[in-house]
Number of protein chains: 2
Amino acid sequence: MRMFDIIAKKRDGKELLAEEIKFFIDGYVSGEIKDYQVSALLMAIYFNGLSEAETTELTMCMAKSGDMIDLSTIPGIKVDKHSTGGVGDKTTLIISPMVAALGVHVAKMSGRGLGHTGGTIDKMESIPNLKTAVDREKFFNIVRKIGLCVIGQSGNIVPADKKLYALRDVTATIDNMQLIAASIMSKKIAAGSDCILLDVKAGSGAFMKTLDGSIELAKTMVKIGENVDRKTVALITDMDRPLGLAIGNSLEIMEVCKTLKGEGPEDLTEICISLAANMLNLAGKGEIPECEMLARSTIEDGSAFNKLKEMVNALGGDTRVLDNNDLFEKAKVKYVVKSPSEGYINSMDTEKCGTSAVILGAGRETKESSIDFSAGIVLNKKVSDYVNLGDTIATFYSSSLEKCKSAERLFMNGIIISPVMPQEEPLIYARVTKDKIEKYEVANCRR
Amino acid sequence: MRMFDIIAKKRDGKELLAEEIKFFIDGYVSGEIKDYQVSALLMAIYFNGLSEAETTELTMCMAKSGDMIDLSTIPGIKVDKHSTGGVGDKTTLIISPMVAALGVHVAKMSGRGLGHTGGTIDKMESIPNLKTAVDREKFFNIVRKIGLCVIGQSGNIVPADKKLYALRDVTATIDNMQLIAASIMSKKIAAGSDCILLDVKAGSGAFMKTLDGSIELAKTMVKIGENVDRKTVALITDMDRPLGLAIGNSLEIMEVCKTLKGEGPEDLTEICISLAANMLNLAGKGEIPECEMLARSTIEDGSAFNKLKEMVNALGGDTRVLDNNDLFEKAKVKYVVKSPSEGYINSMDTEKCGTSAVILGAGRETKESSIDFSAGIVLNKKVSDYVNLGDTIATFYSSSLEKCKSAERLFMNGIIISPVMPQEEPLIYARVTKDKIEKYEVANCRR
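On a predicted model such as this, the values are computed, not experimentally measured, just so you know. (Residues numbered from 1 in each chain as written. Chains lettered and ligands numbered in written order. Predicted model: local features only at pLDDT ≥ 70, side-chain atom pairs only at ≥ 80, totals over all residues. Heavy atoms only, no water.)

Draft legend 1. Layout of the overall build of chain A. When its secondary structure is counted, chain A shows 17 helices and 14 strands. What you see for chain A is a C-alpha radius of gyration of 22 Å, in line with the 22 Å of a compact globule of 447 residues. The principal-axis extent of the C-alpha atoms belonging to chain A is close to 70 × 45 × 45 Å. Counting every position in chain A, which comprises 447 residues, the buried fraction comes to 59%. Taking the contacts inside chain A whose residues are at least 6 apart along the sequence as the reference set, 76% of them involve residues at least 24 apart. Accessible area for chain A stands at about 17500 Å²; split by element, carbon and sulfur atoms hold 50% of it. Across chain A, the mean location of the 56 positive side-chain charges is 3 Å away from that of the 61 negative side-chain charges. (Helix = DSSP H or I, 4+ residues; strand = E, 2+ residues; numbered from the N terminus. Rg over C-alpha atoms; globule rule 2.2 N^0.38 Å. Buried < 20%, exposed > 50% of the residue type's maximum accessible area, 1.4 Å probe, protein only. Contact = heavy atoms within 4.5 Å. Areas by Shrake-Rupley, 256 points an atom, 1.4 Å probe, with all protein chains shown as cover. Lys, Arg positive; Asp, Glu negative; His and termini not counted. Charge placed at Lys NZ, Arg CZ, Asp CG, Glu CD.)

Draft legend 2. Structural detail: the sheet that holds strand β10 (residues 386-387) of chain A. Residues and elements named next belong to chain A. The strand order across the open sheet built from three strands is β10-β8-β12, with neighbouring strands paired in antiparallel fashion. Each edge of the open sheet is held by one strand with a lone partner, namely β10 and β12 (415-418). Bridging between strand β8 (residues 343-348) and β10 involves two bridges; their strand directions are antiparallel. What sits directly across from Gly343, in β10, is Val387. (Pairing = 2+ DSSP bridges.)

Draft legend 3. View of the interface of chain B and chain A. Tallying the contact residues gives 20 residues for chain B and 20 residues for chain A. Contact between chain B and chain A buries roughly 1800 Å² in total, counting both sides, with carbon and sulfur atoms accounting for 70%. Considering only the side of chain B, the residues that lose the most area to chain A are B:Arg11, B:Tyr36 and B:Phe47, jointly responsible for 34% of the buried surface there. Summed over the shared surface of chain B and chain A, the number is zero salt bridges. Applying the counting rule to chain B against chain A returns nine residue pairs in polar contact (both at pLDDT 80 or more). Listing elements by their share of the side of chain B that touches chain A, those giving two or more residues are α1 (3-11), α3 (35-48) and α8 (159-170) of chain B. Sorting elements by how many residues they give to the side of chain B that touches chain A places α3(B) first, with 10 residues. Residues of the side of chain B that touches chain A, tallied by class, amount to 12 nonpolar, four polar and four charged. (Buried area = accessible area lost by both parts, 1.4 Å probe. Salt bridge = Lys/Arg side-chain N within 4 Å of Asp/Glu carboxyl O. Polar contact = N/O pair within 3.5 Å; in protein donor to acceptor, adjacent residues only side chain to side chain. Nonpolar A, V, L, I, M, F, W, Y, C, P; charged D, E, K, R; others polar.)

Draft legend 4. Structural view of the relation of the copies chain B and chain A. Of the transformation superimposing chain B on chain A, the axial component is 0.0 Å and the angular component is 180 degrees, with the fit at an RMSD of 0.1 Å. Taken together, the turn and the small shift mark the pair as related by a two-fold rotation axis. In terms of C-alpha distance to the rotation axis, chain B has B:Tyr36 as its closest residue, with the C-alpha 1.9 Å off the axis. Same-surface contact between copies: 100% of interface residues of chain B are shared with the interface of chain A. (Least-squares fit on C-alpha atoms with pLDDT ≥ 70 in both.)

Draft legend 5. Broad picture of helix α14 (residues 303-314) of chain A. All names here are of chain A. In a regular helix each residue adds 1.5 Å, so 12 residues correspond to 16 Å; α14 covers 16 Å between its end C-alpha atoms and thus fits that length. Regarding α14, the residues found buried are Ala304, Phe305, Lys307, Leu308, Lys309, Met311 and Val312. Note on α14: the residue one or two positions beyond its end, Gly316, has a positive phi of about 85 degrees. (Expected span 1.5 Å × (residues − 1).)

Draft legend 6. Examining the environment of B:Leu235 more closely. Residues and elements named next belong to chain B. Tracing the chain through its elements places Leu235 in strand β5 (residues 231-238). You can call Leu235 buried: its relative accessible area is 1%. Once you skip the residues sitting within four places of it in the chain, Leu235 turns out to touch Leu197, Leu198, Asp199, Val200, Ser274, Leu275, Asn278, Ile428, Ala430 and Arg431.

Draft legend 7. Quick look at the packing of helix α1 (residues 3-11) of chain A against helix α2 (residues 18-30) of chain A. All names here are of chain A. One can describe the packing of α1 onto α2 by two numbers: an axis separation of 10 Å at closest approach and a directional angle of 125 degrees. The pairing of α1 with α2 is recorded here as oblique in orientation. Considering the relative orientation of α1 and α2, their crossing is left-handed. Packed against α1, whose contacting residues are Met3, Ile6 and Lys9, the element α2 presents Glu20, Phe23 and Phe24 at the interface. (Axes fitted to C-alpha atoms, helices over the stretch in contact; angles between N-to-C directions. Parallel < 35°, antiparallel > 145°, perpendicular 65-115°, else oblique. Left-handed = near helix turned anticlockwise from the far one by under 90°.)

As structure tokens, then:
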């Protein structure tokens, strides 16, 4: 078998055999096949796509390129969740305790922030003393003991994806549905859970800007999961505006606590109820409406908040900051962003919000940058709100006034205020299962 | 400027700017831009093509990546000729002396054999003592003195093409019209002649298998040449069967001598008259029919054969073998291939003929192999000839019987004998100039 023939075959629009995909992935990971041949194949895939069979095979070959985590020694059904990445998206830290409080196990590896999107691991590390680098044994033991553990990616998980992603990133071959799906699903499959809930974002702050694109991506991923016997469901959720009010690491942990105490923003709370209900449903806890009631009960009875504290404690974190958010370290500078006019906020560019938070210090401008955990944005107004001239739209937290001024310019660039009230949009656009696509109406909406 | 953006732009089907093409070529040649980004761009070009402006710009950037030969110190009009490569194609060594005998200067660099096709330089080196590695000054002096010199490629000619071709060869991106055209034309433009005649082969032994493909390639190259002020014309010639009767290095030199003495095969003679007439026409020696008469006269009066001897002498070669071909070293084994049936030869696979000659020792099986100058094939029968059972179809020359047996199997695999006489096909299919495409009828045919 020769890589040349595999490139030519895909270039000519033909379907690759399982052994050809295996040859390519194994050879690339071992270093026998070079970047320049792989980038030519990736560009051919960009143009000619991959069939469902090819995508599934690629995903499995990638998953098997490194450690496959075996969670079978942990009793019960394990449910994983993946978000395609958003701004202010702290749902993992809300829904994992919710479902764990109901006996569904979550043994999850999460990532760090990338570009304008935040990462669960960075958010967790804003809790004093909490360590997310945990060895396999301790990770398993925490899940066995409290039914829940979220840690950073450790070990040699899907090395094929690391190499392929780095190459795609410099050869303009990121934007391909099947390659995106294989990248995400290979990591979820290697992570070992029985069921996978996918939160696919749509809108200005998301990777997929259009609803149709997001649904296509969701379908592709659900098919991969089901083809390899993982129960997989996707929700298409809105990322046309930030989720909740807080963007930034400790600011988001505070919002997580509020939400688990029943005092969170309505949009965030509702989306978390839906996500948690779908995880419970995947784990066989009943139909969706029933699972929504169960999920809601974990907020009402405090069991979800307690579960979060148990996990933080197990990871060495100081749980006192969760009970009393005032104990979090404060940002040096607090800066108020005021409305320059009056009217309804018609749109708030999510990517610009995310990048503004990065400028304030909440994210990494380069891979080597360090994070200011206290930095970020709290939105005082959101899309559809009416503002008067001089009203506070947002509050910025940072280490310097200069950063605040610079972030404000970008942030305000993304805000449109008009006399007309904007149309309402659903929080959740659709639910994709192996059998069907349910699209939701505006009834399921933001306010 | 970033290579990433150039890849993405071409991937999205947009036209690259001149400075973007220059950035890519300069960066690639200097090593700042890596193979893996270039191969992704090449694959995007494979799918989305290049416009005429892009192709011309690419060609010029490639040409300028190394030495640009300045022939202006040599008086008169210099005409170059390029063949896309064939089997038994010894036309350069026939037509160059013809036009030089009429005062049109030829200062030409030629290549070696590649795969199943032979190379002019290998053929020349079958003449005892002849040296094709000649420095620039001696090359120029020979052209000034006798009006003709054909040598091997020397110096740093189009390094961009060397790097790009090697990368295309392993990434399945050879087969693109514009990249092929830029590769050929960059070398012709760097070689410095005022006029360029292109001999584009069509048929089973050619790079372009179809007539339409060959015409497209010819149009693309003619446009490039004319865009940068080189008078350029292309003939589309038949490569559905080998040219002439001899395949192999000294065997072909013998056929060159015969043809220049007026005793050559008719197909080879006629195609050489046409090619030479077009070179003369490019150099302003008159209309095509007039130039054909002039070309013919150089055979009749012996001036072309004398010009060949002058060049061979100037390059240190032993001209006695030209006057008396029996002085060429003989192959150890002479092997007769006989017809297994009776009927008309309907086809003779040119690529298989070429590869058979390579097996006999006439070409290189790997880049490092050495050539057996005496090895090769003389065809005793050609397409359209009638053969009886046991008639000699071809005579093989080699160093061993084993090689002959092995070559015979492949050779006979490419021959179809049938009771039906095949249709006649033109020797020259078409002539492509900047203004028009003239297609020729079968009147201009093989026999």
